[in-house]
Amino acid sequence: MSNKNSNFDVVVIGAGAGGLCAAARLAHNGYRVLVLEALEVIGGRASTRTVDGFLCNTGALVIELDGAVADTYRDLGLELKLYEPHRSSTVLRVGGHDVNITEGAAGWVRNIAPVILRSLTNLRPSLRPLPGQSLKVWLNKFTRRPWIHGLMNNVVGAMFAASTEDAPADVILHYFSKGTSFKKIGMPVGGTIEVWKPLVDVIKKSGGEVWLGSKANRLNFSEDGLVNGVIVENGGDLIEVSTSLLVSNIGPLATVALADVVDLPEGYGRSVREASNPAAIITVHFASPRPLASFPCLAIFSQSRRMVYAANFSAPELQRAPAGWHLYCGASVPRPARGEFDVELEKRLLLEDIREQFPGFDQSMVVAIDVTAHEWPAQRAITGYDLPPTTPIKNLWNVGDGVKPWGGAGTAACAETAKLIVDEICRRFPLGVQ
Ligand SMILES: Cc1cc2nc3c(=O)[nH]c(=O)nc-3n(C[C@H](O)[C@H](O)[C@H](O)COP(=O)(O)OP(=O)(O)OC[C@H]3O[C@@H](n4cnc5c(N)ncnc54)[C@H](O)[C@@H]3O)c2cc1C
């Protein structure tokens, strides 16, 4: 094993949304940062890969224009350039019709209804969701109509990769009445990976480094219980990198797995394992020489077997498909959303939904089918069940999915965790006194 006297102030494990936002913020504050990424590419579950000339996302399809990713860009003095479809960005497909829910009357209902509902629950506490009560059980107080339950199931699936049976009602109500809740969205030109590249530039400009193909294998601890180094596997070699501050973007569960049990505070590993309950999403990217849909950006389905939403990447400005081709992506949340499910059955049900909602699908080309589950989950924790970013180890923090703020979703929530922990690091470990 070689020993790298790295002189980095902070090591960040994982170049996903949370890790890169944290690393770039730290670099902006003068910290010299090393980012370790196991894959040969940045972005994690918000990255992009090329399949037969089509740019397919590994996860995140759209980015909130007013969420914490945009805040990160603003704080770093960067400009977030996203393609914003000039017509409505999100439609709700009801009975074969697309209703614009970004603007107009339906947009108003989408924005105001949760606020009214929340005010009602404030006036009539008996209507308030009980702590931990599922959205399904709470909705039953108001209605049992299957189409409302089906619609809510798809909305919750689209935002949280969960079903109304898994999602806690109080968290969802908070999200829709208070949060940005994907009302203003844009699509990254050239794929979601492009969002993170300027952050890598910020890290490198401040003397930091991003090591691709570098997997953190183990954490080393000092006698006083602090992390003091990381063993990194890089091109078949093992390298020991010393550090006094460690930020992990690989989720609390994978992070504790890097430590020997004896190095962790008693009971911590077990509590993390008990709290971890990842959820899944299946996506199908498909392409056709002729247009298969007219919605401009996202469609949510009021009723379906499994498909919760679909995205249209056909706009030539997005540069996702070879000339003359139209690229789409349909996404489903399997049942159950957490735990084991029948992968082949779930793929088939999603394809049946796509066939039904996209006439002409049978003449199109399936570019990629991705099952985001298990070790590479859609969500490490359903919102409301995340762990805190801080750990009982004073110089170790988690960022990203798995430690999202209460009621947070998507890359914006991951970026928010990065801001929280960077603020704490700057306050508790100012430069020069680590
Ligand atoms: C299908 C799908 C659609 C989605 N759609 C949207 C959307 O439209 N908008 C939105 O905002 N969000 C969306 N999300 C959610 C969003 O993509 C994720 O919440 C977010 O990308 C998770 O980021 P993260 O910070 O947790 O990092 P991750 O993406 O989990 O990245 C972690 C990184 O760590 C690396 N790593 C793992 N282990 C090691 C190790 N030992 N050493 C070094 N590196 C390691 C991994 O390779 C990975 O690159 C979607 C997710 C899915 C799955």
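- The chain is annotated in an unreviewed UniProt entry as FAD-binding protein from Pseudomonas nabeulensis.

Some remarks on the site of the ligand
For step 1, the next point in the chain: Close to the ligand lie 36 residues, the nearest being Glu37, Arg45, Val62, Arg380 and Thr411.
For step 2, the next point in the chain: Every element with two or more residues in the shell around the ligand is listed here: helix H1 (17-28), strand E11 (214-221), strand E15 (281-288) and helix H11 (410-428).

Concerning empty space enclosed by the protein
For step 1, the next point in the chain: Following the criterion strictly, the structure yields 1 cavity of 30 Å³ or more and no others.
For step 2, the next point in the chain: Of the pockets and cavities examined, the largest cavity occupies roughly 70 Å³.
For step 3, the next point in the chain: For the largest cavity, the full set of lining residues is Asn153, Asn154, Gly157, Ala162, Ser163, Arg305, Arg306, Val308, Val333, Pro334 and Arg335.
For step 4, the next point in the chain: The dominant element in the lining of the largest cavity, judged by the number of residues it contributes, is helix H5 (residues 146-160), at 3 residues.
For step 5, the next point in the chain: Here the lining of the largest cavity is composed, by residue class, of 4 nonpolar, 4 polar and 3 charged.

Quick look at the pairing of E15
For step 1, the next point in the chain: Of all 8 residues that make up E15, 8 are buried, and the element is covered over most of its length.
For step 2, the next point in the chain: Looking at chain direction, E15 and strand E19 (residues 365-372) are connected through 7 bridges and run antiparallel. Paired with alanine 287 across the strands is methionine 365, a residue of E19.

Side note on the nonpolar core
For step 1, the next point in the chain: By size, the foremost hydrophobic cluster in this structure holds 48 residues, and its most contacted members are Val62, Phe160 and Phe313.
For step 2, the next point in the chain: Listed in part, the 44 residues of the second largest apolar core include Ala24, Ile42, Val69 and Ile421.

Things to note about the pattern of salt bridges
For step 1, the next point in the chain: Taken as a whole and assessed by the stated rule, the structure comprises 22 salt bridges.
For step 2, the next point in the chain: Among the salt bridges present, the one from glutamate 209 reaches arginine 32, with a minimum N-O distance of 3.7 Å. On the criterion of sequence distance, the pair formed by glutamate 209 in strand E10 (residues 209-211) and arginine 32 in the loop between H1 and strand E3 (33-36) is long-range, its members being 177 residues apart.
For step 3, the next point in the chain: On the basis of relative accessibility, which here comes to 26%, the residue arginine 32 falls in the partly exposed class.
For step 4, the next point in the chain: As a salt-bridge pair, arginine 305 and glutamate 352 come within 3.2 Å of each other at their nearest N and O atoms. Of the two residues, arginine 305 sits in the loop between strand E16 (298-301) and strand E17 (307-312) while glutamate 352 sits in helix H10 (residues 343-357), which places them 47 residues apart along the sequence.
For step 5, the next point in the chain: The exposure class assigned to glutamate 352 is partly exposed, which follows from its relative accessible area of 27%.
For step 6, the next point in the chain: Counted as one network, the salt bridges with shared partners bring together Arg305, Arg348, Glu352, Asp353 and Glu356.

Some thoughts on H5
For step 1, the next point in the chain: Compared with an ideal rise of 1.5 Å per residue, which puts 15 residues at 21 Å, H5 spans 20 Å between its outermost C-alpha atoms and is within 8% of the ideal.
For step 2, the next point in the chain: Along H5, the residues classified as buried are His149, Leu151, Asn153, Asn154, Val155, Val156, Gly157, Met159 and Phe160.
For step 3, the next point in the chain: One or two residues past the end of H5 sits alanine 161, with phi positive at roughly 50°.

Some remarks on the side chain of arginine 93
For step 1, the next point in the chain: Relative to the helices and strands, arginine 93 is located in strand E7 (residues 90-94).
For step 2, the next point in the chain: One polar contact links the side chain of arginine 93 to the main-chain carbonyl oxygen of glutamine 357, over a distance of 2.8 Å.
For step 3, the next point in the chain: Setting aside residues up to four positions removed in sequence, arginine 93 forms contacts with Asp98, Phe295, Ile300, Phe301, Ser302 and Gln357.

Remarks on the sheet that holds strand E8 (residues 97-100)
For step 1, the next point in the chain: Taken together, 7 strands build an open sheet; the order of strands is E8-E7-E16-E17-E18-E15-E19 and the sheet is mixed. At either end of the open sheet lies a strand with only one pairing partner, and these are E8 and E19. Within this sheet the neighbouring strands show an average axis-to-axis angle of 25°, counted without direction.
For step 2, the next point in the chain: When E17 meets strand E18 (residues 326-332), the two strands line up antiparallel, connected through 5 bridges. Of the residues in E18, the one forming a bridge with methionine 307 is serine 332.
For step 3, the next point in the chain: Across the sheet, H5 lies against E7, E16 and E17, angled at about 55° from E17, the strand it touches most.
For step 4, the next point in the chain: Strands E7, E15, E16, E17, E18 and E19 of the sheet are contacted by H10, whose axis makes an angle of about 40° with E15.

Quick notes on the rules
Residues numbered from 1 in each chain as written. Predicted model: local features only at pLDDT ≥ 70, side-chain atom pairs only at ≥ 80, totals over all residues. Heavy atoms only, no water. Near = heavy atom within 4 Å. Helix = DSSP H or I, 4+ residues; strand = E, 2+ residues; numbered from the N terminus. 1 Å grid on protein atoms, 1.4 Å probe; cavity = no way out; pocket = protein on both sides within 12 Å on 5 of 7 lines; lining within 4 Å. Points joined across faces, edges and corners; volume = space filled by probe spheres on them. Nonpolar A, V, L, I, M, F, W, Y, C, P; charged D, E, K, R; others polar. Buried < 20%, exposed > 50% of the residue type's maximum accessible area, 1.4 Å probe, protein only. Pairing = 2+ DSSP bridges. Core = buried A, V, L, I, M, F, W, Y, C linked by side-chain atoms within 4.5 Å. Salt bridge = Lys/Arg side-chain N within 4 Å of Asp/Glu carboxyl O. Expected span 1.5 Å × (residues − 1). Polar contact = N/O pair within 3.5 Å; in protein donor to acceptor, adjacent residues only side chain to side chain. Contact = heavy atoms within 4.5 Å. Axes fitted to C-alpha atoms, helices over the stretch in contact; angles between N-to-C directions.

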